[in-house]
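# Topology and contacts: notes
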Amino acid sequence: MIDFECTPQVDLEFMNREHRKAFEDTNALKRLLDSALALRLESDLESETADDFGVELGNEIEHEVEIKSSLPGSEEIEQLMQTLLLDTVRHFELEEQCMEEHSFPARAEHRLEHRRVLQWMEEEHSRWSRDCSIETINHLSLYAADKFPQWLLNHIVTMDTVMASYVHRHGGNSL
Ligand SMILES: [Fe+2]
Ligand SMILES: [Fe+2]
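A short tour of the structure in this document, coming up. (Residues numbered from 1 in each chain as written. Chains lettered and ligands numbered in written order. Predicted model: local features only at pLDDT ≥ 70, side-chain atom pairs only at ≥ 80, totals over all residues.)

Along its length, the chain carries 5 helices and 0 strands. The proportion of buried residues among the 175 residues of the chain is 22%. Considering only intrachain contacts with a sequence separation of at least 6, the fraction spanning at least 24 residues in the chain is 81%. (Helix = DSSP H or I, 4+ residues; strand = E, 2+ residues; numbered from the N terminus. Buried ≥ 20, exposed ≤ 12 C-beta atoms within 10 Å, placed from the backbone. Contact = placed C-beta atoms within 7 Å.)

To continue, consider unusual backbone geometry. Phi is positive for Ser103, close to 45°, though the residue is something other than glycine. Looking at the secondary structure, you find Ser103 in the loop between α3 (74-101) and α4 (107-130). Note on Ser103: 10 C-beta atoms within 10 Å, which makes it exposed.

Turning our eyes to something else, we now look at α3. With 28 residues, α3 should reach 40 Å at 1.5 Å per residue; the first-to-last C-alpha distance of 41 Å fits that figure. Of all the positions in α3, only Ile77, Leu80, Met81, Leu84, Thr88, His91, Glu95 and Met99 are classed as buried. Downstream of α3 by a residue or two, Ser103 has a phi angle that is positive, lying close to 45°. (Expected span 1.5 Å × (residues − 1).)

Looking now at helix α5 (residues 134-169). Helix length check: α5 (36 residues) gives 49 Å between terminal C-alpha atoms against 52 Å at 1.5 Å per residue, within 8%. Residue Tyr143 marks the point of greatest curvature in α5, where the axis turns by about 45°. Those residues of α5 that sit buried are Ile137, Leu140, Tyr143, Ala144, Phe148, Pro149, Leu152, Ile156, Asp160, Met163, Ala164 and Val167. At the C-terminal side of α5, Gly171 shows a positive phi close to 90°. (Bend = angle between axes of the 7 residues up to and from the residue.)

A word on the nonpolar core. In this structure, Leu29, Leu33 and Ile77 are the most contacted members of the largest nonpolar core, which totals 27 residues. Mapped by element, the contributors of at least two residues to this core are α1 (13-52), α3 and α5. By residue number, the principal contributor to this core is α5, which donates 10 residues. Excluding residues within four positions of it along the chain, Leu33 makes contact with Ile77, Ile137, Leu140, Ser141 and Ala144. (Core = buried A, V, L, I, M, F, W, Y, C linked by C-beta atoms within 7 Å.)

With respect to the secondary-structure elements, Ser126 resides in helix α4. A residue is classified by how many C-beta atoms lie within 10 Å of it, and Ser126, with 10 of them, is exposed. In this structure the C-alpha to C-alpha distance between Ser126 and Glu78, which are 48 residues apart in sequence, comes to 9.9 Å.

Angle between the axes and distance between the axes are the two parameters that describe a pair of packed helices. Contact geometry for α3 and α4: axes closest at 11 Å, N-to-C directions at 170°. Considering the angle they form, α3 stands roughly antiparallel to α4. In this structure, α3 contributes Ile77, Glu78, Met81, Leu85, Thr88, Val89, Phe92, Glu96, Met99 and Glu100 to the contact, and α4 contributes Arg107, His110, Arg111, His114, Leu118, Met121, Glu122, His125 and Trp128. (Axes fitted to C-alpha atoms, helices over the stretch in contact; angles between N-to-C directions. Parallel < 35°, antiparallel > 145°, perpendicular 65-115°, else oblique.)

Here you go:
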């Protein structure tokens, strides 16, 4: 997990606010996924014990749906992933609007990178819609705690820093 307070700031305050929100969303998501993993491991252990006694648990898909609907925190994870997605859409839209208004030269390249990352986020989100297996929880945990924050940090210190500096120097306000 990455703490916003430990990341470099850019020259436009609205961007720093969006970045803070993104790190907070992913850190909260990681915490929920950790709790879900602990509960899921516990639930699997109980299922194995039930199997040992010959209890019929239905087919695998029904079992998965049953676990997901009964997994505490499952709904919160869905909501938080939705929040992260909507916040990211807004974050990118604000930057793109700003780049357009100030005719930032590398705006097409920057916009393309935003599109790529949004598509990646939507793919990760859709994993949770499919199942809440231990593998999925671990995968999303890595995404929320490491892969996405690392991408964001790298994006902040490269493309966002250059863009904010350019806009700031060309009359953009820092609000
Ligand atoms: Fe940004
Ligand atoms: Fe950006």
